[in-house]
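# Coordinate analysis (summary)
Each chain, letter by letter, is given below.
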Amino acid sequence: MPKLEGKNVLITGASTGIGQAIAIRFAREGANVAINYSRSKEEAENTEVLVNQACMAVRESGCKDLIVQADVSQEDQVSEMFERVIREFGHIDILVNNAGVQRPVASHEMEMEDFDWVVRINLRGAWLCARAAIRHFLQRGAGGVILNNSSVHEIIPKPKYLSYSISKGGMENMTKTLALEYAGRGIRVNAVGPGATITPINRAWAEDPKAKAEVESHIPMGRAATSEEIAAAFAFLASDEASYITGQTLFVDGGLTLYPEFRVAWSSGE
Ligand code: NAI
């Protein structure tokens, strides 16, 4: 039986990469999916077609879906997005904070705009959406689920990606703080921490076989993840199978957070 039958879900940045894979997977689990995008309506419409196909495979009557444009870092746009989804779907059960960006710059050369742009979308945006979802969940009184797309860089420092690392480190704390604050009111808050995953954000290495092999040489399982492997963790955490899990980050990283350099016992001189 589909895990998310009839659940109403809003996924940010859902028109590409991992967000798109989550939208398709959730539709396959019987959910009604609101697809947020910020830039390309065409990408969102392509995602909608795939979401519909996935849903039809499990629900003959089909699912509801919705495309909703909003920049998650803008308070007024986030409010309008939530109002629209709640108006069209009736209510929201699950928010997935997936939208994210990165920009590599040596820390001493980073301009404030480089820093602000990443933190504004990855952390402020996730917080604005979480706040809107929590207000809705509390008003409705039926609980809810918030899932954050974090990263292994929530705990692994990433030189030249300071703003990204900070945003994901902040996301870890936000996940735990909100989980604790609202645990008694039926709201679960968790995160998924993907490792290297083949998506547009990683175009720089994913499309170059040599660069990809170099990246994969650092991963204990020897390969990058597919978006579908990451989406599977979101489907689990969103479902009632995870009904007693809150405040956690589930790393889906092929072993990247296991200190891969310790594969050999170099520190003991063997
Ligand atoms: P992606 O670039 O395909 O996805 C990011 C999405 O966020 C895009 O659809 C983009 O349009 C959207 N977005 C950007 N700014 C936005 C804004 N202001 N408002 C609304 N949407 C906005 O790349 P990917 O890999 O699918 O990234 C998704 C999430 O996964 C990000 O949060 C990223 O940090 C996280 N992640 C990705 C990893 C990877 O290796 N691909 C590893 C760890 C985490």
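All values reported here derive from a predicted model rather than from experimental measurement.

Looking now at the overall build of the protein chain. When you go through the protein chain residue by residue, the secondary structure sums to eight helices and seven strands. On the principal axes, the C-alpha backbone points of the protein chain span a range of 60 × 40 × 40 Å. In the protein chain, buried positions account for 50% of the 270 residues. The contacts of the protein chain with a sequence gap of at least 6 include a subset with a gap of at least 24, amounting to 74%. Roughly 13,200 Å² of accessible area belongs to the protein chain as shown, and the carbon and sulfur atoms make up 52% of that amount.

In the contact formed by helix H4 (residues 112-140) and helix H5 (residues 162-182), the axes pass within 9 Å of each other and the chain directions differ by 15 degrees. Judged by the angle between their axes, H4 and H5 are roughly parallel. In this structure, the crossing between H4 and H5 has a hand that is right-handed. Facing H4, whose interface residues are Asp-114, Phe-115, Val-118, Val-119, Asn-122, Leu-123, Ala-126, Trp-127, Ala-130, Ile-134 and Leu-138, H5 presents Ser-163, Tyr-164, Ile-166, Ser-167, Lys-168, Gly-170, Met-171, Met-174, Leu-178 and Tyr-182. Of the residues contributing to the contact of H4 with H5, the split by class is 15 nonpolar, four polar and two charged.

With that settled, the discussion passes to the packing of aromatic side chains. Overall, the coordinates contain two aromatic pairs when judged by the stated rule. Taking the centre distance of 6.4 Å and the plane angle of 90 degrees together, the rings of Tyr-259 and Phe-262 count as edge-to-face. Look at Tyr-259 and you get exposed, because its relative accessible area is 62%. Owing to a relative accessible area of 46%, Phe-262 belongs among the partly exposed residues under this scheme. Judged by centre distance (5.0 Å) and plane angle (40 degrees), the rings of Phe-262 and Trp-266 are tilted.

Before going further, it helps to spend a moment on the packing of helix H1 (residues 17-28) against helix H8 (residues 227-238). Where H1 contacts H8, the axes come no closer than 8 Å and their chain directions differ by 55 degrees. In terms of orientation, H1 and H8 fall into the oblique class. Seen along the crossing, H1 lies across H8 with a hand that is right-handed. For the pair H1 and H8, the contacting residues are Gly-17, Ile-18, Ala-21, Ile-22, Arg-25 and Phe-26 in the first and Ser-227, Glu-228, Ile-230, Ala-231, Ala-232, Phe-234, Ala-235 and Ala-238 in the second. Taken together, the residues that form the contact of H1 with H8 break down as ten nonpolar, two polar and two charged.

Now for the site of the ligand. The environment of the ligand is formed by 29 residues, the closest being Thr-16, Asp-71, Tyr-164, Thr-199 and Asn-202. Out of a free accessible area of 810 Å², the ligand has 94% covered by protein chains. Where the shell around the ligand is concerned, the elements lending two or more residues are H1 and H5. Taken together, the residues of the shell around the ligand sort by class into eleven nonpolar, 15 polar and three charged.

Our focus in this paragraph is the pattern of salt bridges. Tallying each qualifying case throughout the model produces twelve salt bridges. Note that Glu-75 is salt-bridged to Arg-131, the shortest N-O span being 2.7 Å. Of the two residues, Glu-75 is situated in helix H3 (residues 75-89) and Arg-131 in helix H4; the sequence distance between them amounts to 56 residues. Salt-bridge contacts for Arg-223 lead to Glu-229; the nearest nitrogen and oxygen are separated by 2.7 Å. Here Arg-223 falls in the partly exposed class, since its relative accessible area comes to 39%.

With that out of the way, let us pick up a nonpolar patch on the surface. On the surface, a nonpolar cluster with roughly 510 Å² of combined accessible area is contributed by Tyr-259, Phe-262, Val-264 and Trp-266. In this structure, Val-264 sits in the segment after strand S7 (249-252). Since its relative accessible area comes to 53%, Val-264 is described here as exposed.

What follows concerns the state of the cysteines. Using the criterion set out here, one finds one disulfide in the structure. Residue pairing for Cys-55: its cysteine sulfur links by disulfide to Cys-63, the two sulfurs lying 1.7 Å apart. With the S-S bond torsion at 90 degrees, the cross-link from Cys-55 to Cys-63 turns out right-handed. Since its relative accessible area comes to 1%, Cys-55 is described here as buried.

Mapping Ser-227 onto the fold places it in helix H8. In this structure, Ser-227 is in contact with Gly-17, Ile-18, Ala-21, Thr-197, Ile-198 and Thr-199, ignoring residues within four places of it in sequence.

Parameters and conventions
- Residues numbered from 1 in each chain as written.
- Predicted model: local features only at pLDDT ≥ 70, side-chain atom pairs only at ≥ 80, totals over all residues.
- Heavy atoms only, no water.
- Helix = DSSP H or I, 4+ residues; strand = E, 2+ residues; numbered from the N terminus.
- Buried < 20%, exposed > 50% of the residue type's maximum accessible area, 1.4 Å probe, protein only.
- Contact = heavy atoms within 4.5 Å.
- Areas by Shrake-Rupley, 256 points an atom, 1.4 Å probe, with all protein chains shown as cover.
- Axes fitted to C-alpha atoms, helices over the stretch in contact; angles between N-to-C directions.
- Parallel < 35°, antiparallel > 145°, perpendicular 65-115°, else oblique.
- Left-handed = near helix turned anticlockwise from the far one by under 90°.
- Nonpolar A, V, L, I, M, F, W, Y, C, P; charged D, E, K, R; others polar.
- Phe/Tyr/Trp six-rings, centres within 6.5 Å; stacked < 30°, edge-to-face > 60°.
- Near = heavy atom within 4 Å.
- Salt bridge = Lys/Arg side-chain N within 4 Å of Asp/Glu carboxyl O.
- Patch = residues over 30% accessible without salt bridge, like charges linked within 9 Å, V, L, I, M, F, W, Y side chains within 5 Å.
- Disulfide = S-S within 2.5 Å.

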